[in-house]
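Spelled out, the chains give:
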Amino acid sequence: MGKKRDIQQIEAIARMFHFSASQREEFGEFLEQEKADQHRGTLNARGDFTWQELVKKAQEFLNE
Amino acid sequence: MVTTPIVKTYPSINPQDLQNIILAIIQPMVGETCHTVKFSYGDELRLELGEMLSCQSAKLQNVVKGSWRLGARATPWQLKQDHQILVPFPSSDDLQEHDLNPMKQTVNCLEGQALIEVEFIPHSLGLILHFTGNYQLSLRPDLSDNYEDSDLAYWELFMPTEQLLSVGPGYFWSCRSIHERY
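Source: prediction; values computed, not measured. (Residues numbered from 1 in each chain as written. Chains lettered and ligands numbered in written order. Predicted model: local features only at pLDDT ≥ 70, side-chain atom pairs only at ≥ 80, totals over all residues. Heavy atoms only, no water.)

Asker: Looking at this structure, I do not really get the overall build of chain B. What am I missing?
Answerer: Scanning chain B from N- to C-terminus turns up 2 helices and 11 strands. Scanning chain B from its N terminus toward the C terminus, one meets helices and strands in the order α-β-β-β-β-β-α-β-β-β-β-β-β. Split into buried and exposed, the 182 residues of chain B put 50% on the buried side. When the accessible surface of chain B is totalled, it reaches about 8500 Å², and 49% of it is carbon and sulfur. (Helix = DSSP H or I, 4+ residues; strand = E, 2+ residues; numbered from the N terminus. Buried < 20%, exposed > 50% of the residue type's maximum accessible area, 1.4 Å probe, protein only. Areas by Shrake-Rupley, 256 points an atom, 1.4 Å probe, with all protein chains shown as cover.)

Spelled out as structure tokens, the structure:
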């Protein structure tokens, strides 16, 4: 039931930033945490992220 | 950190052999308690079992995760208790928020339940998890999906050995270090 397109975008981000599988998993968790903290994306009413927003989130995630 | 080389099987493998291999890998999870049911980005169902550990990312300082973590990826799943279907397999790929919210609340009933049996279906690459409370969670991959256009596994399992078992897409599986980079 997961949304294939959204999950595939995380895979694409993982490839772009050379994440490990562990990082990719935690990045998905980070995105949900960001949405819960009202740092939401603009893709839709659910607060999902556009591709450009995902790239920025990945940079934030790695810049710790 | 030891990196396990990627191991893949091909359609010519005997389904019984494949079943034996996959079950040998995942069988140690039996007996563990499901502590958390959550949905990751993209509404991916994730179950966290076993010892709860801190996340590695500094961005997730207060978040813990199970030593065993099953991700359903985009694969349809069904939840039953006894013979009653609590959450059916979806009739459409395009579930709306008002469809998803009740499903998410219902599947939370797995929290606190222990895994008592696991079945791997070699022909469909599906998985059935049996929990205490007579709960049964089934993952049913869509093998008709053109896997050459997809990079998504049907399901994946992060293990305490710091290895990741990925099954699919297509009739493939791999087991590799969780630290191996894309």
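Asker: Please explain the sheet that holds strand β2 (residues 44-54) of chain B as it appears in this structure.
Answerer: Pairing between sheet strands relies on hydrogen bonds along the backbone, with the strands arranged either parallel or antiparallel. Residue and element names in this part refer to chain B. One open sheet accounts for 6 strands, arranged β1-β2-β3-β9-β10-β11; its pairing is antiparallel. For this open sheet the edge positions go to β1 (34-40) and β11 (173-177), each flanked by a neighbour on one side alone. With direction set aside, neighbouring strand axes in the sheet form an average angle of 30°. (Pairing = 2+ DSSP bridges. Axes fitted to C-alpha atoms, helices over the stretch in contact; angles between N-to-C directions.)

Asker: Would you take a moment to explain helix α1 (residues 15-26) of chain B for this structure?
Answerer: Residues spaced three or four apart along an α-helix face the same direction, because each turn holds 3.6 residues. All names here are of chain B. When the terminal C-alpha atoms of α1 are compared, their 16 Å separation across 12 residues agrees well with the 16 Å that a helix rising 1.5 Å per residue should span. Within α1, burial applies to Leu18, Gln19, Ile22 and Ile26. Down the axis of α1, the buried side of the element spans an arc of 100°, and every buried residue falls inside it. Residues of α1 that are buried sit in contact with β6 (115-121), β7 (126-131), β9 (155-158), β10 (163-167) and β11. (Expected span 1.5 Å × (residues − 1). Arc of directions from axis to C-beta. Contact = heavy atoms within 4.5 Å.)

Asker: It is not clear to me how the pattern of salt bridges should be interpreted in this structure. Could you clarify?
Answerer: Scanning the model with the defined rule gives 23 salt bridges over all chains in all. Arg73 of chain B serves as the salt-bridge partner of Glu11 of chain A, at 2.8 Å between the closest nitrogen and oxygen. Here the residue Glu11 of chain A occupies a position in helix α1 (residues 4-16), and Arg73 of chain B occupies one in the loop between β3 (64-71) and β4 (77-81), the pair thus bridging two chains. For the pair shown, Glu11 of chain A and Arg73 of chain B are each scored as buried. When the shortest N-O distance is used, the salt bridge between Asp43 of chain B and Lys104 of chain B registers 2.8 Å. Pair noted here: Asp43 of chain B is in the loop between β1 and β2 and Lys104 of chain B is in helix α2 (residues 97-107), with a separation of 61 residues, a long-range link. Residues Asp43 of chain B and Lys104 of chain B agree in their burial class; the two are buried. (Salt bridge = Lys/Arg side-chain N within 4 Å of Asp/Glu carboxyl O.)

Asker: Is there a simple way to explain the pairing of β3 of chain B in this structure?
Answerer: Taken residue by residue, a regular strand's side chains alternate between the two faces of the sheet. Residue and element names in this part refer to chain B. By the criterion of burial, β3 is predominantly enclosed, with 7 of the 8 residues buried. Judged from the 7 bridges that link them, β2 and β3 form a sheet pairing that is antiparallel. Counted as the bridge partner of Met52 is Gly66 from β3. Pairing geometry for β3 and β9, over 3 bridges, is antiparallel. In the sheet register, Arg69 faces β9, and the bridge partner there is Phe158.

Asker: Would you explain the interface of chain B and chain A in this entry?
Answerer: It is common to report an interface's size as the accessible area lost on association of the parts. The partner chain A presents 35 residues to the 42 residues of chain B that form the contact. When the buried area of chain B at its contact with chain A is split by residue, Tyr41, Lys59 and Tyr182 of chain B rank highest and sum to 30% of it. Linking chain B with chain A are 10 salt bridges. Of the charged contacts, one joins Glu26 of chain A and Lys65 of chain B as a salt bridge, the two residues approaching to 2.6 Å between their closest N and O atoms. Broken down by secondary-structure element, the contributors of at least two residues to the side of chain B that touches chain A are β1, β2, β3, α2 and β9 of chain B. For the side of chain B that touches chain A, the per-class residue count stands at 20 nonpolar, 7 polar and 15 charged. (Buried area = accessible area lost by both parts, 1.4 Å probe. Nonpolar A, V, L, I, M, F, W, Y, C, P; charged D, E, K, R; others polar.)

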